[in-house]
Amino acid sequence: VELRMEQSGGHDVGLSVWDGGVVLAKCLEEMVATGSIDFTGCCVVDVGAGTGIAGLACAALGARKVVLTDLRGPVLDLMSVNADKNRSLLNSCELEVAPLDWFNLDDARNLVKQVGHIDYLIFAEVTYVEHLIEPLIETLRVLQGAEYPVVLMSHGTHRITPLLKFFSGISSEYRVEIVPNASIPKEYRSGTQKVFLKKLKHVSRDVESSSQRSTSVADLTALQNWMEIKGSLLEQFGAIQWQVYELSAQLNGAFYHPASGNTQKVLEALKVLPERSAAILEQLGHAEWQCCESIARLGLYDSSLQNESKRISESKTESQPTSHTASAALDDMLRKRLGPL
């Protein structure tokens, strides 16, 4: 799908095309191509659409009707421009732009009256500010009505606390499926640009309660596996730190006894350790993230962990790894809630 997009940057985040929107659009294209999703005859509402890239992709992929929504003002104006730029590519899709303020539920109610049945709700990278999470969840509840549309969402890894708050808030209503990495563009599968794609189904859409139980068991198994990986990584990191201490001591001795000739050898050995430490810490951060997501889906997210995650999120920069304190908080909480794994 080739879309003509305009963005203006500026102070409002909704005026730029973000990675999450690109990834969601690309993944939807891949899912349609492989037959795992079919928008034919469907109504799609893009929540917090920004430039509208994900919703426009749905329109180009065969949706019957697409409604792009966001706040009134510059964002909605830009969205209208992008909608007009791409109408010629959308075949017979009915494309609309509508205001949707999450703090004003009348907007959501009016949208439901206007649109009627909604098959899919989509949103890209909207779970990044904590104070917006509760209004977002309330808006989704109004939009879902009694029809319970499927929700497709993308998110990055740069804001843990708001995302976990979102998953915790919907854990009793929705089952979360992780879309496999194979559907995500390669450049967004790892590192600082990593983007996740989730599919959310309301529990009422599950015919048998056994499927709900199996989802919880799968999440618990995944959590156990990631905690074991986390433990192994911590052991490896500890071993590297021990090497650093030993080599530092040898280096100190070599300076006092230069005749030993060990200085260069020790320096060469020390030189590779920071890179190895950084690689392990990156893996540890990923494992920690997976643990947090599993916990949120299981409905185990509590205020003590929320406060700890918030403190970590506020204190770290994007270049810093997740604090080991988070690991301790997770482990302590899980022992209390689940017993030994």
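Here, the structure is the one placed above.
As a starting point, this report considers the structure included with it. (Residues numbered from 1 in each chain as written. Predicted model: local features only at pLDDT ≥ 70, side-chain atom pairs only at ≥ 80, totals over all residues. Heavy atoms only, no water.)

### Examining the pattern of salt bridges
Filter applied, for reference: Within this document, salt bridges are pairs made up of a side-chain nitrogen of Lys or Arg and a carboxyl oxygen of Asp or Glu, the two lying within 4 Å of each other. Each helix corresponds to a stretch of at least 4 residues labelled H or I by DSSP, and each strand to a stretch of at least 2 residues labelled E; elements are numbered beginning at the N terminus. Using a 1.4 Å probe on the protein chains alone, a residue whose accessible area is under 20% of its type maximum counts as buried, one over 50% counts as exposed, and one in between counts as partly exposed.
What the rule picks out here adds up to 10 salt bridges. The partner of R109 in a salt bridge is D106, and the shortest N-O contact between them spans 2.8 Å. With R109 and D106 both in helix α4 (residues 105-115), this residue pair falls three residues apart, about one helical turn. Linking E268 and K271 is a salt bridge whose minimum nitrogen-to-oxygen distance equals 3.3 Å. Here E268 pairs with K271, and both are found in helix α8 (residues 263-271), just three residues apart, close to one helical turn. Accessibility expressed as a relative area gives 39% for E268, which makes it partly exposed.

### Some points on the side chain of Q144
What counts here: N or O atoms within 3.5 Å of each other form a polar contact, as long as, within protein, one can give a hydrogen and the other can take it, and as long as residues adjacent in sequence are counted only when both atoms are side-chain atoms. Note on contacts: a residue pair qualifies if any of its non-hydrogen atoms lie within 4.5 Å across the two residues.
Among the secondary structure elements, Q144 is positioned in helix α5 (residues 133-144). With a relative accessible area of 7%, Q144 lands in the buried category. Engagement of the side chain of Q144 in a polar contact is seen with the side chain of Y174, the distance being 2.4 Å. Excluding residues within four positions of it along the chain, Q144 makes contact with P149, E173, Y174 and H202.

### A closer look at the nonpolar core
We count it as follows: Nonpolar cores were defined as sets of buried Ala, Val, Leu, Ile, Met, Phe, Trp, Tyr and Cys residues, with membership established by side-chain atoms within 4.5 Å.
Core analysis: the biggest nonpolar cluster contains 37 residues, and L28, F39, V44, V66, L68 and Y120 have the highest contact counts within it. Looking at this core, the elements with two or more residues in it are α1 (19-34), α2 (53-60), β2 (65-70), α3 (74-86), β4 (120-124) and β5 (150-155). When sequence neighbours within four positions are dropped, the list of residues in contact with V44 reads F39, C58, A63, K65, V66, V67, Y120 and I122. Grouped together as the second largest cluster of nonpolar side chains are 35 residues, V47, V67, L121 and I170 included.

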